[in-house]
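Residue-level listing of the chains:
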Amino acid sequence: MRNYREQGKLFVISAPSGTGKTSLVKALLNIQKDIFLSVSTTTRQARTGEIHGLDYEFVTEEEFESIKSSGGFLEWAKVYGNYYGTKSSSILESVNSGKKVILEIDYQGAMQVKKRFKNQNILKLIFIKPPSLKELGNRLKHRGQDSNEVIQDRLALAAEEMKQARKFDYVIINDRFNVAVKKICSIINDESV
Ligand code: 5GP
């Protein structure tokens with residue numbers, strides 16, 4: 001009989017800002033206890049309530065650059081003026097030891113990971129879309145985090161990002177929250193057998 005170790009899986013989840021990706025991932029982690037969420041490294045300032053090491057690893061630009069130049073990132077990107085990256089070490093270790101790992105990253109990073117794992121059956125890319133750009137605009141206004149100008153910039157970027165959706169394996173519309181969570185759960189379960 002063949003002796004084999006269970007293969008881990010890497011799931012990338014990307015979405016335009018305001019689509020509800022973070023809430024979806026939180027709900028998912030509550031249901032699927034066997035998933036490991038990657039903690040990214042960023043140069044952005046911590047928001048109120050965010051914890052270093054839990055939400056992000058907050059670093060200076062110099063520290064980010066040093067990790068980058070030593071080849072420590074699996075992927076990295078500049079998003080809304082700040083740098084974000086996923087460190088290779090813990091991700092590869094977890095996947096190699098059979099774990100399911102989620103990367104909640106932007107589409108630029110998603111495309112780098114896609115390239116890195118091409119022809120390997122361990123990666124699935126999931127893109128979350130808002131029901132429409134108009135609805136996304138309403139959500140961003142309701143969130144109350146951004147000025148009108150920033151909202152307009154985010155909507156313009158969202159329109160561009162949505163064109164990238166076809167490069168992902170799955171596209172989910174976050175119209176009804178619970179339905180979207182269930183869909184992501186089924187993708188993860190179906191892809192993990
Ligand atoms: P926020 O600052 O609002 O937490 O995140 C801003 C954007 O950066 C989101 O689209 C988020 O998915 C993305 N992001 C977070 N971590 C990473 C990462 O490690 N790599 C990349 N490429 N994007 C990231």
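Everything here concerns the structure above.
**Q** Quick rundown of the site of the ligand? Include the residues and the values.
**A** Looking at the ligand, there are 15 residues lining it, with Lys 21, Ser 40, Arg 44, Tyr 56 and Tyr 84 nearest. Gly 85 is positioned such that a nitrogen or oxygen atom in its backbone is 3.2 Å from an oxygen atom of the ligand. Within the backbone of Glu 104, one N or O atom sits 3.5 Å away from an oxygen atom of the ligand. In isolation the ligand exposes 510 Å². Once the protein is present, 88% of that is buried.

**Q** Residues and numbers for the pairing of strand 7 (residues 100-104), please.
**A** With 4 of its 5 residues buried, strand 7 lies for the most part within the structure. Sheet analysis places strand 2 (residues 35-37) next to strand 7, joined by 3 bridges and oriented parallel. Within the sheet, the bridge partner assigned to Leu 37 lies in strand 7 and is Ile 102.

**Q** Describe the nonpolar core, listing the residues and the values that go with them.
**A** Formed by 19 residues in total, the largest nonpolar core has its most connected members in Leu 10, Val 12, Ile 91, Leu 103, Val 113, Phe 117 and Leu 123. Counting only elements with at least two residues in this core, the list comes to strand 1 (9-14), helix 3 (88-96), strand 7, helix 4 (107-116) and strand 8 (123-129). Dropping the residues within four chain positions of it, Leu 103 is found in contact with Leu 10, Phe 11, Val 12, Ile 13, Ser 38, Leu 74, Thr 86, Ile 91 and Val 113. In this structure, Leu 28, Ile 35, Ile 184 and Cys 185 belong to the second largest nonpolar core, which totals 18 residues.

Reading the values: the criteria
Residues numbered from 1 in each chain as written. Predicted model: local features only at pLDDT ≥ 70, side-chain atom pairs only at ≥ 80, totals over all residues. Heavy atoms only, no water. Near = heavy atom within 4 Å. Polar contact = N/O pair within 3.5 Å; in protein donor to acceptor, adjacent residues only side chain to side chain. Areas by Shrake-Rupley, 256 points an atom, 1.4 Å probe, with all protein chains shown as cover. Buried < 20%, exposed > 50% of the residue type's maximum accessible area, 1.4 Å probe, protein only. Helix = DSSP H or I, 4+ residues; strand = E, 2+ residues; numbered from the N terminus. Pairing = 2+ DSSP bridges. Core = buried A, V, L, I, M, F, W, Y, C linked by side-chain atoms within 4.5 Å. Contact = heavy atoms within 4.5 Å.

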